[in-house]
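Below are the chains, spelled out letter by letter.
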Amino acid sequence: MKDQFVIACLGDFSMQKAVMSHAAFLSRMLGKGIILLYVDDPRYKGISTESAEQRMLEIEAQHADLHPAHVAMKGNIREVVHALPKLLNGVVAVVGTDTHALRRTPTHPDSVLHDFADCAIAYLAVQDQLTRPESYLNVAYSVDFNRESKDKLLWASYFARFNKSRLHMLHYDYKDDRLRQLFSNNIQFMDKFFRTLNLGYEDHVLSGRAPLFPEGRVLEEAKALGCGLLITLTTDVRKRDIIEWFAGTQEQRIIRNPLLMPILFLNPRDDFYVLCD
């Protein structure tokens, strides 16, 4: 029996193939079990739990080599997602996002960000099927002058250790002395952390000044480098500035990316759940 699980969040089943392809990859890579999850949330017009169970049994048969289990329940998706670490021993969730979905559906990008805002585990937002698993051999993340998250580095290290992925660290060249010092502190922290794991990374400097929402540029550069995944932090709701309240956040932009790149989102929280490895 596995001790931790990849949670395949099936939403309204419209993106089940995309979700399952990435969930299956993560399950094999991490050596974790896989659980199919359907939540009949009254906010969305979904199918009954009985119908969902039948569909999940069919999906299980298609992925019999992974020995998946399934859970179908009524409830509030956001509350269920928040409880995933304790409820299902989840360590990472996979959720499908569809930029063409109707607004009040579980796969609409805004619905995903809302439902996973309290998620205490990493969640992978995918838009397309994983047809080339080797695309995960190049993984990108950015570092700036804000306090660096160890959780981001942990997840980058998982791909390097368990998938032999090449890590690509992207950043701007800050001219302001204070910002340069804060950025340097983050790099020192990262270097020390990776040295303990005997891991390296490739350093990529982005040209020009950092825009208002720099992660969009990071995403484009990561794609140009051949990366198949971007690891990023969501905006701490307690620290949103007035521009983010009115113009939106970085995650609202990159989750809709036309490049169709999977995004591994990490919510900044003190009780973030990590792998047993």
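Since this is a predicted model, take the numbers as computed values, not measurements.

**A word on the overall build of the protein chain**
What the protein chain contains, in helices and strands, is ten helices and ten strands. For the protein chain, the C-alpha radius of gyration of 18 Å lies close to 19 Å, the compact-globule estimate for 277 residues. Expressed along its principal axes, the backbone C-alpha trace of the protein chain runs to roughly 60 × 40 × 35 Å. For the protein chain, with 277 residues in total, the buried portion stands at 53%.

**A few points about the nonpolar core**
Grouped together as the largest cluster of nonpolar side chains are 89 residues, with contacts concentrated most on Tyr141, Trp155, Phe159, Ile231 and Leu264. For this core, the element with the highest residue contribution is helix α1 (residues 16-30), accounting for nine residues. Residue contacts for phenylalanine 159: discarding those within four places in its chain leaves Phe25, Leu26, Met29, Tyr136, Val139, Lys164, Ser165, Leu229, Ile231 and Leu264.

**Here's the deal with the packing of aromatic side chains**
Each aromatic ring pair is summarised here by two numbers: the centre-to-centre distance and the angle between the ring planes. Taken as a whole and assessed by the stated rule, the structure comprises twelve aromatic pairs. Summarising the aromatic geometry, the rings of phenylalanine 193 and phenylalanine 194 are spaced 5.8 Å apart at their centres and angled 50° between planes, so their arrangement reads as tilted. A single burial state applies to phenylalanine 193 and to phenylalanine 194, both of which are buried. Each residue in the set Phe25, Tyr136, Trp155, Tyr158, Phe159 and Phe162 is aromatic and connected to the rest through ring pairs, giving one cluster.

Cut-off values and rules
- Residues numbered from 1 in each chain as written.
- Predicted model: local features only at pLDDT ≥ 70, side-chain atom pairs only at ≥ 80, totals over all residues.
- Heavy atoms only, no water.
- Helix = DSSP H or I, 4+ residues; strand = E, 2+ residues; numbered from the N terminus.
- Rg over C-alpha atoms; globule rule 2.2 N^0.38 Å.
- Buried < 20%, exposed > 50% of the residue type's maximum accessible area, 1.4 Å probe, protein only.
- Core = buried A, V, L, I, M, F, W, Y, C linked by side-chain atoms within 4.5 Å.
- Contact = heavy atoms within 4.5 Å.
- Phe/Tyr/Trp six-rings, centres within 6.5 Å; stacked < 30°, edge-to-face > 60°.

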